[in-house]
Structures are given as C-alpha cells and as structure tokens.
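Descriptive analysis of the structure
One letter stands for each residue in the lines below.
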Amino acid sequence: MKRRDFLRGAASLGAFCGLPRVARADARPGLDDALLSLIEDTPREKLVEAVVAKIRDGASYRQVVGALLLAGVRNVRPRPVGFKFHAVMVVHACHQASRAGKDDDRWLPILWAVDHFKGPQAEEKKATGWTLGPVEESKVPPAGRMRAAFIEAMESWNEEAADVAAVSLARNAGVQETFELFARYAARDFRHIGHKAIYVAGAFRLFDVIGWERAEPVLRSLASALLARDKDETPDLPWARNKLLATEIPADWRGGKTDDAAALEVLAACRAGSDQDVPKLAVELLQRNVSPRSVWDGLHLHSGELLLRRPN
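So, about the pattern of salt bridges. For the coordinates displayed, the defined rule picks out 23 salt bridges. Among the ionic pairs, Arg 191 bridges to Asp 230, the shortest N-O distance being 3.4 Å. Residue Arg 191 is found in the loop between helix H9 (175-186) and helix H10 (195-210), and its partner Asp 230 is found in the loop between helix H11 (215-226) and helix H12 (237-246); the two are separated by 39 residues along the sequence. With relative accessibility at 6%, the residue Arg 191 sits in the buried group. Taking the relative accessible area as the measure of exposure, Asp 230 reaches 44% and is therefore partly exposed. Salt-bridge contacts for Arg 241 lead to Asp 275; the nearest nitrogen and oxygen are separated by 3.2 Å. Placement of Arg 241 in helix H12 and of Asp 275 in the loop between helix H13 (260-272) and helix H14 (277-287) is noted, with a sequence separation of 34 residues between them. One salt-bridge network, held together by shared partners, links Asp 189, Arg 191, Lys 196, Arg 229, Asp 230 and Asp 236.

Below, the structure is given as structure tokens:
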C-alpha cells in the first residue's frame with residue numbers, strides 16, 4: 001500500500017480515532033516483548049488494527065518504535081543494504097516525520113511503517129527463510145578485547161567474528177564509543193550507494209528512542225550490513241587514499257571560519273574534479289582555516305544539483 005493511500009484510507013475510516021496523543025516528550029522506557037511477537041506473527045491485513053489495540057491498552061510510542069525496529073532486524077537480512085531492507089531503514093525517517101507532526105498525527109508514519117514491514121518480511125521468508133540466529137556465546141570476546149576484536153573482524157571482512165564482537169560492544173561499551181567504530185566502517189566503501197552510512201546514522205539516532213539496552217540485535221544487523229561486499233575492490237580505493245589524507249588535517253580543524261567562496265570552490269571541484277580532487281581540496285581548505293561547515297555547504301549544493309539533473 002502506498003503511503004498516501006494508507007493515510008487517506010485511515011483518515012476516511014476514522015481508524016485511529018481515540019488513540020492517545022503522542023507528546024514530544026514521551027519517555028516511557030522499555031520494550032513489550034509481546035508487542036514484538038505481535039508485529040512478527042500477525043498477518044498483514046490484521047496487524048495495524050492489532051497494534052492500534054495495543055496502543056489503546058497503553059503501549060507507548062517508544063515501545064512500538066522499538067518493537068518495529070527489532071522486528072525488522074530479526075526478520076529481514078541486511079544484504080543487500082537496500083531494496084527489501086528499506087523496511088528497517090525507513091523507521092528513523094518515519095520517526096522524524098512523527099516528531100515533525102502534530103501530537104494527534106504522530107502515530108500515522110509509524111503505523112505505515114508497521115504495515116510496510118510485513119511485505120519485506122514475507123519476501124525474505126519466501127526467498128531465503130533467513131532470520132537473525134542466536135548468539136554464539138562461547139565466542140563473544142570479553143570487554144577488554146571487544147574493541148580490538150571488532151576492528152580486527154571489520155578489517156578482515158570476517159562476518160562471524162564481527163557478529164560476536166558487536167554483541168560484546170552492545171553489552172559492555174557506551175553509545176558514543178560504539179558509534180565512532182561503526183561510523184568509521186560505514187564510510188569505508190560506497191557499495192549500495194551510501195545506504196551503509198544511512199543505516200548507521202539512523203540506527204544510532206533511534207537508540208535515543210528505544211534505549212541502548214536493545215542495541216544487541218541492531219548492532220549485529222549493522223555489522224553484517226557493513227560487511228556486504230563483492231569481488232570488485234574498486235569501491236575500497238577511496239577509503240585507502242582518504243585514510244592517508246586524514247593525517248594531514250590540522251588538529252584544530254573544527255574551529256575554522258565559514259567562507260562562502262570556499263563552498264563555491266568545493267562546488268566547482270565536484271562538478272569537474274575526480275574522486276581524488278575533491279577530498280584533497282577539502283583537506284586544503286581545512287588547512288587554510290576554513291570551517292568544515294563551508295565544505296559541507298559545497299557538497300550539499302552539488303547534491304541538490306545532482307537530484308535536479310537526475311530526478312527519481
């Protein structure tokens with residue numbers, strides 16, 4: 001069902017009349033495991049009505065969003081990072097839409113995502129039967145080894161080792177330390193047109209909603225997504241070059257001055273330069289005490305141009 005049709009039909013039927021309002025400050029913690037099972041096991045044609053009934057019985061916004069996210073990572077394989085896996089990646093976008101809406105309307109994007117999840121879940125079940133398996137507890141590295149174990153696994157593209165290292169990070173590390181590790185590898189290659197970085201950003205922002213105590217299955221899914229790879233090593237080349245370039249960035253790079261001319265310089269380089277020219281220019285600008293904001297301005301301008309030139 002398309003989003004517009006879903007919202008139009010729900011409004012005309014009065015399907016959500018009487019639902020409790022979702023205040024911006026809704027902070028009731030925890031996840032209802034029965035709600036998670038409900039989303040996973042209920043047929044699509046009955047699911048929205050069943051979730052609405054749970055909300056009326058007291059299920060919080062946090063609980064519904066958390067159950068939706070975990071249902072996705074447990075039932076949709078993050079390979080490739082896109083296509084059917086959008087069922088997981090749209091959760092953060094729907095949450096943003098909810099926060100931007102009126103209190104009375106904030107359930108609508110989330111309920112659309114609940115309905116949408118059932119399509120990819122059925123597709124995965126039919127095609128592969130994949131579900132997120134149990135953790136190999138005997139292989140989970142101790143807290144003192146978790147960081148090194150994760151880096152080693154990611155550098156060697158070892159999915160089995162990365163899976164148990166991600167579990168150890170979820171159990172023993174904090175959000176910021178873990179984010180910095182995952183963000184590094186989200187930017188390692190440009191396979192799947194940037195969806196790896198999108199997934200990491202969205203998932204970690206959702207931890208503010210669902211709580212870090214539910215991070216383990218999400219991190220396992222993220223680690224698997226970041227290790228999606230094919231035999232073509234070309235997408236790995238910018239990472240190797242940029243690691244060397246990064247050593248030339250000055251220590252005070254955050255404190256530069258905004259410069260519109262520098263932003264236009266970045267825009268011109270994006271239009272005519274190579275994937276080596278633009279990173280080099282970015283480093284040069286930071287060395288010239290230009291704010292990273294101005295570098296981003298140039299990149300955003302070019303991104304907008306690309307969308308205008310190639311709609312859809």
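Before going further, it helps to examine the environment of Trp 239. Residue placement: Trp 239 occurs in helix H12. According to the relative accessible area criterion, Trp 239 is buried, its value standing at 16%. For the pair Trp 239 and Leu 219, spaced 20 residues apart in sequence, the C-alpha separation works out to 22 Å. For Trp 239, the residues in contact, after removing those within four places along its chain, are Arg 184, Tyr 185, Ala 187 and Arg 188.

This part takes up the environment of Lys 102. Examined against the element boundaries, Lys 102 turns out to sit in the loop between helix H5 (86-100) and helix H6 (107-127). For Lys 102, a relative accessible area of 64% translates into the label exposed. Note: C-alpha distance between Lys 102 and Gly 255 (153 residues apart in sequence) is 37 Å.

The next thing to look at is the nonpolar core. Within the largest apolar cluster, 69 residues are counted, with the highest numbers of intra-cluster contacts made by Phe 182, Tyr 199, Leu 219 and Leu 222. Among the elements that make up this core, the one with the highest residue count is helix H4 (residues 61-75) (nine residues). In this structure, Tyr 199 is in contact with Val 73, Phe 85, Val 88, Met 89, Val 218, Ser 221, Leu 222 and Ala 225, ignoring residues within four places of it in sequence. If you look at the next biggest cluster of nonpolar residues, it comprises ten residues, including Val 266, Leu 281, Ala 282 and Val 290.

Moving on, we come to H14. All of the buried residues along H14 are Val 278, Leu 281, Ala 282, Val 283, Leu 285 and Leu 286. Among the structural elements, H12, H13 and helix H15 (292-309) are those in contact with the buried residues of H14. Phi turns positive one or two residues past the end of H14, at Asn 289, with a value near 70°.

About the cut-offs
As a convention, each chain's residues are numbered from 1 in the sequence order in which they are written. Note on the predicted model: pLDDT of at least 70 is required for a residue's local features to be given, and 80 or more for side-chain atom pairs to be given and counted; whole-chain, interface and lining totals, by contrast, use all residues. Note that the side-chain values use all heavy atoms of the structure and ignore hydrogens as well as water. Salt bridges are identified by distance alone: a Lys or Arg side-chain nitrogen within 4 Å of an Asp or Glu carboxyl oxygen. Secondary structure follows DSSP: runs of H or I at least 4 residues long count as helices, runs of E at least 2 residues long count as strands, and numbering of each begins at the N terminus. Think of it in three bands: with a 1.4 Å probe and only protein chains considered, a residue is buried below 20% of the maximum accessible area for its type, exposed above 50%, and partly exposed in between. What makes two residues a contact is simply this: any of their non-hydrogen atoms within 4.5 Å. The nonpolar core is taken to be a set of buried Ala, Val, Leu, Ile, Met, Phe, Trp, Tyr and Cys residues, with the residues joined through side-chain atoms within 4.5 Å.

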